[in-house]
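# Secondary and tertiary structure notes
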Amino acid sequence: EDQVTQSPEALRLQEGESSSLNCSYTVSGLRGLFWYRQDPGKGPEFLFTLYSAGEEKEKERLKATLTKKESFLHITAPKPEDSATYLCAVQAAQGGSEKLVFGKGTKLTVNP
Amino acid sequence: NAGVMQNPRHLVRRRGQEARLRCSPMKGHSHVYWYRQLPEEGLKFMVYLQKENIIDESGMPKERFSAEFPKEGPSILRIQQVVRGDSAAYFCASSPDPGQMQFGPGTRLTVT
């Protein structure tokens, strides 16, 4: 069964304090790994898709990386507006299903 | 270009009533997905539809739940005879082809 585990569950940072969020996964053939951001009371907002080990993508203060077993979301010099829950999801290449399997997320709080 | 639209945003039903959740995908998107988010839980896949076809319903409870995506009009997720355990946020996502999904704002269902 495909599984995604995110750590830590919650993370508090001071503004400007860089850190990383972890997403470990087991999947029967990876088609893609996805990162989303979710604000309270809203739907997930797409951030990145990674397809193969070694791939990296960046967007403003966020950088996502991928290995064969895990992905990291690096946050450089975060600001209070980066506070949100960050969700990781995998899509399996086998079985013909397009569904995403999500982790429970990491709740990030950035204090000014 | 409007995003994925869901209505209602909040829905209150008494036990035993029916709940109908609507989702209008982004223009040009023919793939629709429904996910459920329980409190303190991750997003869970329910069903994947294309116009007039259910492609994957492996995440749908066997009873009381049904989904459709007619040729004309929005996708509908229908829950019959709701119970308290159905209280959750229900998210719809759409994509132009299998893969990257854009999520809607969700419908928060409360069963009293």
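Per chain, residue numbering runs from 1 following the sequence as it is written. Whichever chain is written first is A, and whichever ligand is written first is 1; the rest continue in order. Owing to the predicted nature of the model, reporting of local features is limited to residues with pLDDT of at least 70; listing and counting of side-chain atom pairs is limited to 80 or more, with chain, interface and lining totals taken over all residues. Water and hydrogen atoms play no part in the side-chain values, which are based on all heavy atoms of the structure.

A few words now on the overall build of chain A. Check the secondary structure of chain A and you find 0 helices and 11 strands. We count a stretch as a helix when DSSP gives it H or I for four or more residues in a row; a strand needs E for two or more, and each element gets its number in order from the N terminus. In chain A, the succession of α and β elements from N to C terminus is β-β-β-β-β-β-β-β-β-β-β. Referenced to the eigenvectors of the C-alpha coordinate spread, the extents of chain A come out at roughly 45 × 30 × 20 Å. To sort residues, take the accessible area from a 1.4 Å probe on protein chains only and compare it with the maximum for the residue type: under 20% means buried, over 50% means exposed, and anything in between is partly exposed. In chain A, which comprises 112 residues, the proportion classed as buried is 46%. Using the Shrake-Rupley algorithm and a 1.4 Å probe, accessible areas are obtained, with residue cover drawn only from the displayed protein chains. Per element, the accessible surface of chain A, about 5500 Å² overall, is 47% carbon and sulfur. Residues scored as positive are Lys and Arg, those scored as negative are Asp and Glu, and His as well as the terminal groups of each chain are ignored. Every charge is mapped onto a representative atom, which is NZ of Lys, CZ of Arg, CG of Asp or CD of Glu. Averaged over its 14 positive side-chain charges, chain A has a centre that lies 2 Å from the centre of its 15 negative ones.

In terms of nonpolar packing, the biggest core is built from 23 residues, with Trp34, Met46, Leu77 and Tyr90 of chain B touching the most fellow members. When sequence neighbours within four positions are dropped, the list of residues in contact with Tyr90 of chain B reads Gln6, Leu21, Tyr35, Arg36, Met46, Phe65, Leu77, Ile79, Gly106, Thr107 and Leu109 of chain B. With 22 residues, the next largest nonpolar core counts Leu33, Leu47, Ile75 and Cys88 of chain A among its residues. Only buried residues count toward a nonpolar core, which is a set of Ala, Val, Leu, Ile, Met, Phe, Trp, Tyr and Cys residues joined through side-chain atoms within 4.5 Å. Working rule for contacts: check all heavy atoms of both residues, and any pair within 4.5 Å makes them a contact.

Here we take up the state of the cysteines. Residues and elements named next belong to chain B. Sulfur atoms of two cysteines make up a disulfide when they are within 2.5 Å. Using the criterion set out here, one finds 2 disulfides over all chains in the structure. Put simply, Cys23 and Cys92 are joined by a disulfide, and their sulfur atoms are 1.8 Å apart. Where Cys23 bonds to Cys92 through sulfur, the torsion about that S-S bond is close to -55 degrees, and the disulfide is left-handed. A residue pair is termed long-range when its members are at least 10 positions apart, and Cys23 in strand 3 (residues 19-24) and Cys92 in strand 9 (residues 88-95) qualify at 69 residues. Here Cys23 and Cys92 have matching classes, each one buried.

This part covers the packing of aromatic side chains. Only Phe, Tyr and Trp rings take part, Trp by its six-membered ring, and two of them pair if their centres are within 6.5 Å. Stacked means planes under 30 degrees apart, edge-to-face means over 60, and tilted covers everything else. Per the stated rule, a full pass over the model turns up 8 aromatic pairs over all chains. Where Tyr36 of chain A meets Phe103 of chain B, the ring centres are 5.3 Å apart and the plane angle is 90 degrees; that geometry is what we call edge-to-face. Of this pair, Tyr36 of chain A sits in strand 4 (residues 30-38) while Phe103 of chain B sits in strand 10 (residues 102-103), each in a different chain. The exposure classification of Tyr36 of chain A matches that of Phe103 of chain B, with both residues buried. Of the aromatic side chains, those joined through ring pairs into one cluster are Tyr36, Phe46 and Phe102 of chain A together with Tyr35, Phe45 and Phe103 of chain B.

So, on to the pattern of salt bridges. Salt bridge, as used here: a side-chain nitrogen of Lys or Arg that lies within 4 Å of a carboxyl oxygen of Asp or Glu. Tallied over the entire structure, the rule returns 8 salt bridges over all chains. Note that Asp39 of chain A is salt-bridged to Arg37 of chain A, the shortest N-O span being 3.0 Å. For Arg37 of chain A, a relative accessible area of 15% corresponds to the buried category. With a shortest N-O distance of 2.9 Å, Arg78 of chain B and Glu18 of chain B are connected by a salt bridge.

This paragraph deals with the sheet that holds strand 8 (residues 70-75) of chain A. Residues and elements named next belong to chain A. A pair of strands is treated as paired once DSSP finds two or more bridges between them. Here we have 5 strands laid out as an open sheet, ordered 1-3-8-7-6, and antiparallel in their pairing. Each edge of the open sheet is held by one strand with a lone partner, namely strand 1 (3-7) and strand 6 (56-59). Between one strand axis and the next, the sheet turns through 15 degrees on average, direction left out of account. In this sheet, strand 8 lies alongside strand 7 (residues 62-66) in antiparallel orientation, the contact comprising 5 bridges. Considered in strand 8, the bridge of Thr65 is made with Phe72. Between the N-to-C directions of two axes lies an angle of 0 to 180 degrees, each axis being a line fitted to C-alpha atoms and, for a helix, fitted only over the stretch in contact.

This brings us to the sheet that holds strand 3 of chain B. Residue and element names in this part refer to chain B. In spatial order, the strands read 1-3-8-7; together these 4 strands make up an open sheet with antiparallel pairing. Two strands lie at the open edges of the sheet, namely strand 1 (5-7) and strand 7 (65-68), each paired on one side alone. Across this sheet, the average inter-strand angle for adjacent strands is 15 degrees, counted without regard to direction. In terms of strand pairing, strand 1 meets strand 3 through 3 bridges, oriented antiparallel. Among the inter-strand pairings, Asn7 is bridged to a residue of strand 3, identified as Arg22.

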